[in-house]
Amino acid sequence: MDRPQVDMAIVGAGFAGLYMLHMARQRGLTAQVVEAGGDVGGTWYWNRYPGARCDVESMEYSFGFDDDLQQEWEWTERYAPQPEILRYANHVADRFDLRRDIRFDTRVTAATYDDESGHWTVTTDRGPVITARYVVMATGCLSTANIPDIPGAATFTGPTYHTGRWPHEGVDFTGQRVGVIGTGSSAVQSIPLIAEQADHLTVFQRTPTYAVPAWNRPLDPVEQKEIKADYAALRAANRQSSSAFGGLQPRNDVSALAVSDEERHAEYERRWAVGGLTFLGAYNDLLLVRAANETARQFVIGKLHEIVEDPEVAAKLTPDQVVGCKRLCVDTGYWATFNRPNVTLVDLRETPIEAITERGIRTTGAEHELDAIVYATGFDAMTGALARIDIRGRGGRPLADAWSAGPRTYLGLMVAGFPNLFTITGPGSPSVLTNMIESIQQHVEWIGRCLADLGAAGATTIEATPEAQDAWVDYVNSVAGFTLFPTCNSWYLGANVPGKTRVFMPLPGFPTYVQQCEDIVADGYRGFTRA
Ligand code: NA7
């Protein structure tokens, strides 16, 4: 019992788990990855719905830790489609010979800390337990499907799909009447393609969403070469951006309210023509000051009304929350799809869903007969995957107990009372408000250095103090409170899952956060105890 089987157990083989394994080996640690899916890729393994692609540009949504890797990989589109990102994840796994330490098709069910030995025991649904000194939860922020509990759901006789659990062989909707529930990013990406294929598409909308055009296109090899010639500069620019992307289209560092109406309109038009999430980088206060946000909101609504021909449909599609409060959707023909004769919009605020029946979806207004139902209803975000593992720290205390009033972490990296357990892009870190790959890299590199420093200090255990954690939670809440993010019912707040505690989970502001992580290390791991 003196030595655990491996130094580190890693849960998940998405980008976070893959890089963590590579990092562990570089630091001379043995590691075992456990992955529920049949292969690597995480989010990109599961989300195979039509039109699935990343909303961060491919030249930015990629690893920068190895120059040969970033030089040799060729992206083919401005926004990489899911199959290409999955191929990239496979390439990373093969290039660094990672598969030999990954156990696939195996779900972690429990992780238990033993106070006496200081080891963790990781239990799975298949095969023997793993004992490890360190456990890294690389479980992803959007990995646990949220399927609403609608009365009668089991009685529907046709097939049902969740966008995040799409069949690997694909789905042919030809000749079918299809219903899509939800209008978030997954719905916005898939609806135009399902509408092209299906006989009829009915969209069940609870909250209207904003969409900015992707203007996706093949990536020009010359443009790609130019970026690669100074890739370090783009990566550095991204690390200085609050969202860890946008180096290709930097944020304008002035207030939307400091310029004339004409100038502002011209800037919004320019950003709209460029397309993508950096639309919100038009001004520096769009997510801080309501009046500033309102200028962007009115511009986007104007575009919506230009695109959608039927004014009644346009009115139903018009969002009223702050633009960017929920993650902005990046689309290809989403609003224009509602001009098609085979597409119907059902506004659930007017006529809520009463039940799913054998034949379709019944709202308070009508019964909509369907051959297939697509749940584009999102995820139990950020904490869902962790909540489904029975994690027990010191004294056998369950994480569910420690987090009963919402997630509490120090830096989004560790939880007081759970020594040697790390969360990659955990709640309390910038995570989902950023380019996830940049955030993953920063966390993995921080953990790698932390463990090397731990060894150098002759210690084997690191743990967040409750005081540092309390102060951090207060800090995250206060930063979020300065922004407009908490003003709507988003999954950032857990508002999409009935019964989930409402806490704003991610921390806005990547560069400040990175600096804090660095300062804490420079201060001898302030807020942690090491023994
Ligand atoms: P999202 O963004 O959480 O969207 C889910 C959608 O499903 C959203 O429109 C929800 O409406 C809707 N929803 C959820 N539950 C219900 C019920 N019970 N009835 C009707 N409609 C419902 O998930 P996505 O998969 O689209 O995107 C997740 C992230 O992936 C995205 O932000 C990008 O970062 C990539 P609501 O708004 O809650 O009223």
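Report on the accompanying structure. (Residues numbered from 1 in each chain as written. Predicted model: local features only at pLDDT ≥ 70, side-chain atom pairs only at ≥ 80, totals over all residues. Heavy atoms only, no water.)

**Quick word on the site of the ligand**
For the ligand, the set of nearby residues contains 18 residues, the closest of which are Thr183, Ser186, Arg206, Thr207 and Lys326. Gly184 places a polar main-chain atom, nitrogen or oxygen, 3.4 Å from an oxygen atom of the ligand. Between the ligand and Ser185, the relevant distance is 2.9 Å, taken from an oxygen atom to a main-chain nitrogen or oxygen of the residue. Contact with the protein chains covers 86% of the free accessible surface of the ligand, which is 770 Å². (Near = heavy atom within 4 Å. Polar contact = N/O pair within 3.5 Å; in protein donor to acceptor, adjacent residues only side chain to side chain. Areas by Shrake-Rupley, 256 points an atom, 1.4 Å probe, with all protein chains shown as cover.)

**Points about the sheet that holds strand E8 (residues 177–181)**
If you trace the five strands from one edge of the open sheet to the other, you get E7-E16-E8-E9-E12, paired in parallel fashion. Each edge of the open sheet is held by one strand with a lone partner, namely strand E7 (160–162) and strand E12 (343–347). Taking the axes of each pair of neighbouring strands and ignoring which way they run, one obtains an average angle of 20° across the sheet. Strand direction decides the pairing type here: strand E9 (residues 200–205) and E12, joined by five bridges, are parallel. Residue pairing across strands places Phe204 opposite Val346, the latter belonging to E12. (Pairing = 2+ DSSP bridges. Helix = DSSP H or I, 4+ residues; strand = E, 2+ residues; numbered from the N terminus. Axes fitted to C-alpha atoms, helices over the stretch in contact; angles between N-to-C directions.)

**Overview of the pairing of strand E14 (residues 360–363)**
With three bridges joining them, strand E13 (residues 353–356) and E14 adopt antiparallel strand pairing. Bridging from a neighbouring strand, Ala355 pairs with Arg362 of E14. Where E13 folds back onto E14 in an antiparallel hairpin, the turn is made up of three residues. Inspection of the sheet shows E14 paired to strand E15 (residues 367–369) by three bridges, in the antiparallel sense. Residue pairing across strands places Ile361 opposite His368, the latter belonging to E15. Counted along the chain from E14 to the antiparallel partner E15, the turn is three residues long.

**Thoughts on empty space enclosed by the protein**
Unfilled space is identified by rolling a water-sized probe across the atoms. Tallied over the entire structure, the rule returns three cavities of 30 Å³ or more. Taken as a whole, the largest cavity holds about 100 Å³ of empty space. Lining the largest cavity are Pro407, Arg408, Thr409, Pro427, Gly428, Trp472, Val473, Val476, Asn477, Val503, Phe504 and Met505. When the residues that make up the lining of the largest cavity are grouped by side-chain class, the tally is eight nonpolar, three polar and one charged. Of the pockets and cavities examined, the second largest cavity occupies roughly 60 Å³. As for the second largest cavity, its lining consists of Asp55, Val56, Glu57, Glu60, Tyr79, Phe245, Gly246, Gly276, Leu277 and Thr278. Across the lining of the second largest cavity, the residue classes tally to four nonpolar, three polar and three charged. (1 Å grid on protein atoms, 1.4 Å probe; cavity = no way out; pocket = protein on both sides within 12 Å on 5 of 7 lines; lining within 4 Å. Points joined across faces, edges and corners; volume = space filled by probe spheres on them. Nonpolar A, V, L, I, M, F, W, Y, C, P; charged D, E, K, R; others polar.)

**Some remarks on the sheet that holds E13**
In space, the three strands of this open sheet follow the order E13-E14-E15, with antiparallel pairing throughout. Among the strands making up the open sheet, the edge pair consists of E13 and E15. Mean inter-strand twist for the sheet, computed between neighbouring axes without regard to direction, equals 20°.

**Digging into a nonpolar patch on the surface**
On the surface, Leu257, Leu288 and Val289 cluster together to form a nonpolar patch covering roughly 230 Å² of accessible area. Inspection of the secondary structure assignment puts Leu257 in the loop between helix H7 (231–239) and helix H8 (261–274). For Leu257, a relative accessible area of 45% translates into the label partly exposed. (Patch = residues over 30% accessible without salt bridge, like charges linked within 9 Å, V, L, I, M, F, W, Y side chains within 5 Å. Salt bridge = Lys/Arg side-chain N within 4 Å of Asp/Glu carboxyl O. Buried < 20%, exposed > 50% of the residue type's maximum accessible area, 1.4 Å probe, protein only.)

**Some remarks on the packing of aromatic side chains**
Two aromatic rings, taken as a pair, are described by how far apart their centres are and by the angle between their planes. Throughout the structure, instances matching the rule amount to 35 aromatic pairs. Taking the centre distance of 5.8 Å and the plane angle of 55° together, the rings of Phe15 and Tyr88 count as tilted. Separated by 73 residues along the polypeptide, Phe15 in helix H1 (residues 15–26) and Tyr88 in helix H4 (residues 82–95) bring together distant segments of the chain. Clustering of aromatic rings is evident, with ring pairs tying together Phe15, Tyr19, Trp44, Tyr61, Phe63, Phe65, Trp73, Trp75, Tyr88 and Phe96. (Phe/Tyr/Trp six-rings, centres within 6.5 Å; stacked < 30°, edge-to-face > 60°.)

**A few points about the packing of H8 against helix H9 (residues 290–307)**
H9 packs onto H8 with a crossing angle of 55° between their chain directions and a minimal axis gap of 11 Å. Comparing the axis directions of H8 and H9 gives the class oblique. Every pair of crossing elements has a handedness; the one defined by H8 and H9 is right-handed. Judged by residue contacts, Arg264, His265, Tyr268, Glu269 and Trp272 of H8 engage Ala292, Thr295, Ala296, Phe299, Val300 and Lys303 from H9. Partitioned by chemical class, the residues of the contact of H8 with H9 number six nonpolar, two polar and three charged. (Parallel < 35°, antiparallel > 145°, perpendicular 65-115°, else oblique. Left-handed = near helix turned anticlockwise from the far one by under 90°. Contact = heavy atoms within 4.5 Å.)

**What to know about unusual backbone geometry**
Positioned with a positive phi, Asn420 is a non-glycine residue whose angle comes to about 60°. Not every positive phi belongs to a glycine, and Ser431 is a case in point at roughly 30°. Secondary-structure assignment places Ser431 in the loop between strand E18 (421–423) and helix H14 (436–456). Overall, Ser431 belongs to the buried group, its relative accessible area being 0%.

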